[in-house]
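Below are the chains, spelled out letter by letter.
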Amino acid sequence: MQPRDLSEHEAYVPGRGAEEVARDLGMDPEELTKLSSNENPHGPSPDAVAAVEAAAPDVNVYPKASHTDLTERIAEKWGLDDSQVWVSAGADGSIDYLSRAFLEPNDDILVPKPGFSYYSMSARYHHGDASTYRISKDDDFEQSAEAILSAYDGERIVYATTPHNPTGSVLPREEIRTLAEEVDEQTLVVVDEAYAEYAAEPSAIDLLDEYDNLAVLRTFSKAYGLAGLRIGYAAVPSAWADAYARVNTPFAANELACRAALAAIDDEEHLERSVETARWAREYYHEELDVPTWDSGGNFVLCEVGDATAVAEATQERGVIVRDTSSFGLPECVRVSCGTREETKTAVEVLNGVVADLRPEASEP
Ligand SMILES: *Cc1c(COP(=O)(O)O)cnc(C)c1O
C-alpha cells in the first residue's frame with residue numbers, strides 16, 4: 001500500500017545541528033559554533049530550567065492546569081481575553097490550527113518568497129495549496145502591503161513575516177493595517193512575529209481589537225530560548241476565538257513546555273540580555289563582514305556570499321555552522337544567527353576568511 005500522493009509536499013530542511021555536523025567531520029560538537037537556526041545563544045532562562053526540573057516528577061499527568069495558567073498569563077501580558085490565546089506546540093502548531101480552522105480543500109494561501117517553508121507545508125497537509133509574493137533583493141527585501149496585494153488573488157490566508165526570515169526585513173505597522181483593510185473580508189492575514197522581540201516595531205497584537213481578519217503568531221523558541229520544548233501561540237480576534245476548542249490537538253503543548261514558558265515570560269532580565277546581544281551582534285555583522293548584508297530586525301543577518309552551498313560547507317569545516325539559504329530560494333546567500341559576542345566575532349573571522357579564499361582569482365586589470 002501507499003500513502004496519498006505526497007509528491008507536492010516538500011520536506012522541511014532544518015539548519016544542521018552541531019552533533020550531526022561534528023559526526024560528519026569527525027569533530028567534537030563542542031568545537032563547533034552553531035549559528036544556523038536562530039537559537040538563543042544564552043540558552044533558556046535559568047528560571048525556565050528550574051521550572052522544568054520542578055515539573056519533571058509530575059509528567060505522568062496530562063497538562064491541563066499548566067496550559068490554563070500559561071494561557072491566562074499570555075492574555076494578561078497583551079490585554080486579551082483568555083480565549084484569544086491559542087497555545088500550541090511551537091508557532092508551527094498555531095500555523096496548523098489556523099489551517100484547520102480556515103482551509104477547505106483546494107483553498108489557497110499566499111506566502112512570501114523567499115520565506116518560511118512551513119506555511120505552505122501546512123496548507124498542503126490540509127489539502128490546500130500556496131501561491132507566492134516576492135520579497136525582492138532588488139528592493140533590498142523591503143516589504144509593503146502594495147507588493148503583497150499586487151500578487152493577491154483572493155487567497156484564504158495571507159502570511160506576512162515580520163521581521164522576515166531569512167532577510168530580516170520588517171513590514172511596518174501601517175502596512176499591516178492596509179493589508180487587513182484591502183484583502184477580502186474572508187481572507188485571514190497572519191502576521192508571524194517569531195522574531196518580534198528583537199525588532200523596534202511594536203507588536204500587531206493590539207490591532208486585533210480593530211480587525212477580525214488578523215491573527216498574530218508568537219513563539220518561545222527564539223528570544224525566550226525554549227526551541228527544544230516546542231511552545232508558541234497565536235493571538236486571534238475574539239470574533240472567532242472559540243474555534244480553538246474544535247481544532248486544538250489535545251495536550252499538544254506539554255507540561256514541561258507550559259511550565260517553562262510561564263517561568264520564562266517573567267524573566268525579563270534574560271529576555272533583555274538576549275535582545276541586547278542580538279542587536280549588538282547584527283550591528284557587528286553589518287560593520288565587520290566583508291560581504292553585502294541587509295538590515296535585520298531579527299537575531300540573524302542575511303549575507304550575500306556568492307555560492308552559498310560552497311561557503312556554508314567551508315565555514316562548517318572551520319567550525320562555524322551557518323544556514324545556506326538555497327532552500328529558501330536564495331542560493332547566493334547565507335543566514336548567520338547572532339551568537340554571543342565571542343561566537344559572533346568567531347563567525348565574522350571565519351566567514352571573511354572563507355569568502356576571501358573562495359573568491360575567484362582577484363580580477364586583473
Ligand atoms: C522559528 C520560526 C517560527 C516558529 O518556530 P516554532 O519553533 O515552531 O515556534 C515561525 N516562523 C518563523 C518565520 C520562524 O523563523
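In this text, all values refer to a predicted model and were calculated from it rather than measured experimentally.

Quick notes on the sheet that holds strand E7 (residues 214-219)
Part 1 of the argument: With mixed pairing, 7 strands are arranged side by side in an open sheet as E2-E8-E7-E6-E5-E3-E4. The open sheet has two free edges, formed respectively by strand E2 (85-88) and strand E4 (129-134), since each of these has just one partner strand. For this sheet, the mean angle separating the axes of adjacent strands, direction not counted, is 25°.
Part 2 of the argument: Sheet analysis places strand E3 (residues 108-113) next to strand E5 (residues 157-161), joined by 2 bridges and oriented parallel. What sits directly across from Leu110, in E5, is Val158.
Part 3 of the argument: Contacts from helix H4 (residues 90-102) reach E2, E5, strand E6 (188-192), E7 and strand E8 (232-235), with the element oriented near 120° to E2.
Part 4 of the argument: Across the sheet, helix H5 (residues 118-125) lies against E3, E4, E5 and E6, angled at about 160° from E3, the strand it touches most.

Regarding the UniProt feature "domain: Aminotransferase class I/classII large" (unreviewed entry) in the protein chain
Part 1 of the argument: UniProt records the feature "domain: Aminotransferase class I/classII large" (unreviewed entry) for residues 31-351 in the present numbering.
Part 2 of the argument: End-to-end, the C-alpha atoms of residues 31-351 are 16 Å apart, and along that stretch the chain is 37% helix and 17% strand.

Observations concerning the side chain of Glu155
Part 1 of the argument: Note that Glu155 resides in the loop between helix H6 (145-151) and E5.
Part 2 of the argument: Arg156 provides the closest opposite charge to the buried, unpaired Glu155, separated from it by 11 Å.
Part 3 of the argument: Ignoring any residue separated from it by four or fewer positions in sequence, one finds Glu155 in contact with Asp108, Ile109, Leu110, Ser131 and Thr187.

Focus on the site of the ligand
Part 1 of the argument: Near the ligand you find 14 residues, and of these Ala91, Asp192, Thr219, Ser221 and Lys222 are the closest.
Part 2 of the argument: Here an oxygen atom of the ligand sits 2.6 Å away from a polar atom, N or O, in the main chain of Ala91.
Part 3 of the argument: A distance of 2.9 Å separates an oxygen atom of the ligand from a polar side-chain atom of Asn165.
Part 4 of the argument: Relative to its free-state accessible area of 380 Å², the ligand is covered by the protein chains to the extent of 93%.
Part 5 of the argument: Because more than half of its atoms lie within 2 Å of the grid, the ligand is assigned to the largest pocket.

Overview of the environment of Thr71
Part 1 of the argument: By the element assignment, Thr71 lies in helix H3 (residues 65-78).
Part 2 of the argument: The buried category is assigned to Thr71, whose relative accessible area is 8%.
Part 3 of the argument: For the pair Thr71 and Gln84, spaced 13 residues apart in sequence, the C-alpha to C-alpha distance is 8.9 Å.
Part 4 of the argument: The residues contacting Thr71, other than those within four sequence positions of it, are Asp82, Val85 and Val87.

Some points on the domain arrangement of the protein chain
Part 1 of the argument: Per the domain assignment, the segments of the protein chain are domain 1 (18-36 + 268-359) and domain 2 (46-264).
Part 2 of the argument: Put simply, the middle of domain 1 and the middle of domain 2, counted by C-alpha atoms, are 26 Å apart.
Part 3 of the argument: Across the boundary between the two partners, domain 1 contributes 21 residues, which contact 22 residues of domain 2.
Part 4 of the argument: A buried area of about 1,800 Å², summed over both sides, lies between domain 1 and domain 2, and 61% of it is on carbon and sulfur atoms.
Part 5 of the argument: At the boundary of domain 1 and domain 2, one finds 2 salt bridges.
Part 6 of the argument: With a closest N to O distance of 2.7 Å, Glu332 and Lys137 form a salt bridge.
Part 7 of the argument: Where domain 1 meets domain 2, there are 10 residue pairs in polar contact (both at pLDDT 80 or more).
Part 8 of the argument: Per element, the largest residue contribution to the side of domain 1 that touches domain 2 is 7 residues, and it comes from helix H10 (residues 268-288).

Remarks on the layout of surface pockets
Part 1 of the argument: Approximately 910 Å³ is the volume found for the largest pocket.
Part 2 of the argument: Taken together, 42 residues make up the lining of the largest pocket; nearest its centre are Tyr12, Gly115, Phe116, Ser117 and Phe328.
Part 3 of the argument: Put simply, the parts of the chain that give the lining of the largest pocket at least two residues each are H4, E3, H5 and E4.
Part 4 of the argument: With 4 residues, the top contributor of residues to the lining of the largest pocket is H4.

Conventions we followed
Residues numbered from 1 in each chain as written. Predicted model: local features only at pLDDT ≥ 70, side-chain atom pairs only at ≥ 80, totals over all residues. Heavy atoms only, no water. Pairing = 2+ DSSP bridges. Helix = DSSP H or I, 4+ residues; strand = E, 2+ residues; numbered from the N terminus. Axes fitted to C-alpha atoms, helices over the stretch in contact; angles between N-to-C directions. Contact = heavy atoms within 4.5 Å. UniProt positions renumbered as here; feature names shortened; annotations may be inferred. Buried < 20%, exposed > 50% of the residue type's maximum accessible area, 1.4 Å probe, protein only. Lys, Arg positive; Asp, Glu negative; His and termini not counted. Salt bridge = Lys/Arg side-chain N within 4 Å of Asp/Glu carboxyl O. Near = heavy atom within 4 Å. Polar contact = N/O pair within 3.5 Å; in protein donor to acceptor, adjacent residues only side chain to side chain. Areas by Shrake-Rupley, 256 points an atom, 1.4 Å probe, with all protein chains shown as cover. 1 Å grid on protein atoms, 1.4 Å probe; cavity = no way out; pocket = protein on both sides within 12 Å on 5 of 7 lines; lining within 4 Å. Sits in = over half its atoms within 2 Å of the grid points. Domains from an automatic or database assignment. Buried area = accessible area lost by both parts, 1.4 Å probe. Points joined across faces, edges and corners; volume = space filled by probe spheres on them.

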